[in-house]
Amino acid sequence: MTAYVVLDVDIQDPDRYQEFMAQAAPALEAAGGRYLVRGGVHRVYEGDWEPRRLVVLDFPSLRDWERFYFGETYQKLKRIRDEASTGRLVAVEGVATVLAPSR
């Protein structure tokens, strides 16, 4: 079952965060993950959650996500991310959907 990973990131050091992103993106793709959302305009319609920067990832399974997250490659990159930002991260299993063509 597909795993979706949602991150709410507050970046304190944009230059250092870019260093993280330059390495994290190819590592994520090599592990079978892909970005569905990376920043962009967002609006809160209910509740008191005020996310800073939203990122949504897609992995083939929760197991694949955990293998990536707890793996040596990402744990080294996570140190950079932790130096440059704070955030919240959650993973959830869900049903894969076929993306509609762009309008």
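What counts, and where the lines are drawn
Residues numbered from 1 in each chain as written. Predicted model: local features only at pLDDT ≥ 70, side-chain atom pairs only at ≥ 80, totals over all residues. Heavy atoms only, no water. Helix = DSSP H or I, 4+ residues; strand = E, 2+ residues; numbered from the N terminus. Rg over C-alpha atoms; globule rule 2.2 N^0.38 Å. Buried < 20%, exposed > 50% of the residue type's maximum accessible area, 1.4 Å probe, protein only. Contact = heavy atoms within 4.5 Å. Areas by Shrake-Rupley, 256 points an atom, 1.4 Å probe, with all protein chains shown as cover. Lys, Arg positive; Asp, Glu negative; His and termini not counted. Charge placed at Lys NZ, Arg CZ, Asp CG, Glu CD. Phe/Tyr/Trp six-rings, centres within 6.5 Å; stacked < 30°, edge-to-face > 60°. Lys NZ or Arg CZ within 6 Å of the ring centre and 35° of its normal. Pairing = 2+ DSSP bridges. Expected span 1.5 Å × (residues − 1). Core = buried A, V, L, I, M, F, W, Y, C linked by side-chain atoms within 4.5 Å.

### Observations concerning the overall build of the protein
Here comes step 1: Summing up its helical and strand segments, the protein has three helices and four strands in all.
Here comes step 2: In the protein, the order of α-helices and β-strands from amino to carboxyl end is β-α-β-β-α-α-β.
Here comes step 3: What you see for the protein is a C-alpha radius of gyration of 14 Å, in line with the 13 Å of a compact globule of 103 residues.
Here comes step 4: Here the C-alpha coordinates of the protein stretch approximately 35 × 30 × 25 Å along the principal axes.
Here comes step 5: By residue count, 36% of the 103 residues in the protein fall in the buried class.
Here comes step 6: Considering only intrachain contacts with a sequence separation of at least 6, the fraction spanning at least 24 residues in the protein is 75%.
Here comes step 7: Surface exposure of the protein reaches about 7,200 Å², of which carbon and sulfur atoms provide 51%.
Here comes step 8: On the protein, the mean spot of the 14 positive side-chain charges and the mean spot of the 16 negative ones are 3 Å from each other.

### A few points about the packing of aromatic side chains
Here comes step 1: Tallied over the full model, the rule gives nine aromatic pairs.
Here comes step 2: Ring centres of Y17 and F20 lie 5.4 Å apart, and the angle between their planes is 50°; this geometry places the pair in the tilted category. Of the two residues, Y17 and F20 are both situated in helix 1 (residues 14-30); the distance of three residues between them amounts to about one turn of the helix.
Here comes step 3: Take Y17: its relative accessible area is 3%, and that puts it in the buried class.
Here comes step 4: For F20, a relative accessible area of 4% gives the class buried.
Here comes step 5: Measuring from ring centre to ring centre gives 5.3 Å for W65 and Y69, while their planes differ by 35°; the resulting arrangement is tilted. Linking W65 with Y69, this pair stays in helix 2 (residues 62-70), spanning four residues, or about one helical turn. Residues W65 and Y69 agree in their burial class; the two are buried.
Here comes step 6: R38 extends its terminal NZ or CZ atom over the ring of Y35, reaching a point 4.6 Å from the ring centre.

### Examining the pairing of strand 1 (residues 2-11)
Here comes step 1: Across the ten residues that make up strand 1, a large majority, seven, are buried.
Here comes step 2: With seven bridges connecting them, strand 1 and strand 3 (residues 53-59) associate as antiparallel partners. The residue bridging A3 from the neighbouring strand is F59, located in strand 3.

### So, helix 3 (residues 72-84)
Here comes step 1: Across its 13 residues, helix 3 extends 19 Å between first and last C-alpha, which sits within 8% of the 18 Å expected from 1.5 Å per residue.
Here comes step 2: All buried positions along helix 3 are accounted for by Y74, L77, K78, I80, R81 and A84.

### A few points about the nonpolar core
Here comes step 1: Membership of the largest hydrophobic core comes to 20 residues, with the highest contact counts inside it found for F20, L57, F59, W65, F68 and L77.
Here comes step 2: It is helix 1 that provides the largest number of residues to this core, a total of six residues.
Here comes step 3: Discounting residues that sit within four places of it in the chain, L57 has contacts with A3, Y4, V5, L7, L28, R34, Y35 and W65.

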